[in-house]
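Reading the structure
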Amino acid sequence: MGEHPEEAASFLDSVLEKVTDKLPGHDSSSSDSDDEKSKKPEPSSIASSIKRLFGREKPVHSLFGGGKSADVILWRNKQTSAGVLVGATVIWLLFEWLGYHLLTLICHVVILGLTILFVWSNASAFINKQPVRIPQISFSEQLFQDVASAVRFEINRLFAVIHDVASGRDLKKFLLVVAGLWILSVVGSWANFLTLFYVAFVFAHTVPVLYEKYEDQVDAFAFKAMDEAKKHYRTFDVKVLSKIPKGPLKDKKL
């Protein structure tokens, strides 16, 4: 009878040893899993670590003003954006296919609108309908001042760029401007100004919304392309630009 307590005690000791042997392993595995979870970057940290084009920190919607125009460009309201795009397409077709002129189109649209409003205002009394309430439109003086100020700022900035390019201070900027003007002249030879304006309008209503949807991939690809372009420019600078002889500049004595 005295052997049973000893066997029971030895059995309990073996069980406790097995349990204690398993506990450290369990703690280490759980700690490893916790470490792995802690090492996994959060989506917010990933988004913040991605470089954005032109060093921007604001979302695309705020870059376009964040108002109704941004909603139209980024297709927040699909019916309004589609209506604007269809209207631009109809105007382009009228000019290109039907041979309309701008002044003729404006006059015909105004004549049609005035005729409809005039007829409806006089016929509403006979059909027991309320006449159309035509809002009185007036532009404030501040609006024109803001537009003039914005236009003046852009023109002055354009003149500053032209001055920098023409003065020969920045060869890189000079090459970029010349290449851009040459590409624009080639594209302009393919179509007239109206078609180019329509293509630019379509791009303005499609490219931003696609960029907003795939901005992470586009930014990563753009930075890779910029790095490659910088490498090629450095090679071109070393092999070509640096070998161009430059005469010594002497200060003229008065």
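Note: the structure precedes this text.
Residues numbered from 1 in each chain as written. Predicted model: local features only at pLDDT ≥ 70, side-chain atom pairs only at ≥ 80, totals over all residues. Heavy atoms only, no water.

Between helix 5 (residues 78-96) and helix 9 (residues 193-204), whose axes approach to 11 Å, the crossing angle comes to 170°. Comparing the axis directions of helix 5 and helix 9 gives the class roughly antiparallel. Counted together, Val84, Leu85, Ala88, Thr89, Trp92, Phe95 and Glu96 of helix 5 and Leu194, Thr195, Tyr198, Phe201 and Val202 of helix 9 form the full contact between these two elements. (Axes fitted to C-alpha atoms, helices over the stretch in contact; angles between N-to-C directions. Helix = DSSP H or I, 4+ residues; strand = E, 2+ residues; numbered from the N terminus. Parallel < 35°, antiparallel > 145°, perpendicular 65-115°, else oblique. Contact = heavy atoms within 4.5 Å.)

This part takes up the pattern of salt bridges. Two side chains carrying opposite charge are able to pair once their charged atoms lie near each other. In total, this model carries 3 salt bridges according to the counting rule given. The residue Glu154 makes a salt bridge to Arg157 at a minimum N-O spacing of 2.7 Å. Separated by 3 residues within a single helix, Glu154 and Arg157 lie in helix 7 (residues 141-166), roughly one turn from each other. Glu154 sits in the partly exposed class, given a relative accessible area of 41%. Exposure remark for Arg157: the relative accessible area of 47% places this residue in the partly exposed category. Here Lys173 ties to Asp164 by a salt bridge, and the two come within 3.9 Å at their closest N and O atoms. Residue classification places Asp164 among the partly exposed residues on the basis of a relative accessible area of 25%. (Salt bridge = Lys/Arg side-chain N within 4 Å of Asp/Glu carboxyl O. Buried < 20%, exposed > 50% of the residue type's maximum accessible area, 1.4 Å probe, protein only.)

A few words now on a positive patch on the surface. Residues Lys172, Lys230, Lys231 and Arg234 make up a contiguous surface patch of positive charge. Per element, the largest residue contribution to the positive patch is 3 residues, and it comes from helix 11 (residues 215-239). Within the secondary structure layout, Lys230 lies in helix 11. Residue classification places Lys230 among the partly exposed residues on the basis of a relative accessible area of 43%. (Patch = residues over 30% accessible without salt bridge, like charges linked within 9 Å, V, L, I, M, F, W, Y side chains within 5 Å. Areas by Shrake-Rupley, 256 points an atom, 1.4 Å probe, with all protein chains shown as cover. Lys, Arg positive; Asp, Glu negative; His and termini not counted. Charge placed at Lys NZ, Arg CZ, Asp CG, Glu CD.)

As for its placement among the helices and strands, Ser81 is situated in helix 5. Not counting chain neighbours up to four residues away, the residues in contact with Ser81 comprise Asp71, Val72 and Trp75.

In this section: the packing of aromatic side chains. Scanning the entire structure with this criterion turns up 3 aromatic pairs. Ring geometry for Trp92 against Tyr198: centres 4.8 Å apart, planes inclined by 10°, an arrangement best described as stacked. In this pair, Trp92 is assigned in helix 5 and Tyr198 in helix 9, connecting sequence segments 106 residues apart. When sorted by exposure, Trp92 lands in the same class as Tyr198, which is buried. Both rings, one in Phe139 and one in Phe144, keep their centres 6.0 Å apart while their planes meet at 80°; by these two values the pair is edge-to-face. (Phe/Tyr/Trp six-rings, centres within 6.5 Å; stacked < 30°, edge-to-face > 60°.)

Negative phi is the rule for most residues except glycine; trans is the rule for most peptide bonds. Despite not being glycine, Trp75 shows a phi value in the positive range, around 60°. By secondary structure assignment, the location of Trp75 is in the loop between helix 4 (68-73) and helix 5. With a relative accessible area of 23%, Trp75 lands in the partly exposed category.

On to the side chain of Thr195, then. With respect to the secondary-structure elements, Thr195 resides in helix 9. By relative accessible area, which is 15% here, Thr195 ends up buried. Among the polar contacts listed, one links the side chain of Thr195 to the side chain of Asn192, at a separation of 2.7 Å. If we ignore the near neighbours within four places in the chain, the residues touching Thr195 are Trp92 and Glu96. (Polar contact = N/O pair within 3.5 Å; in protein donor to acceptor, adjacent residues only side chain to side chain.)

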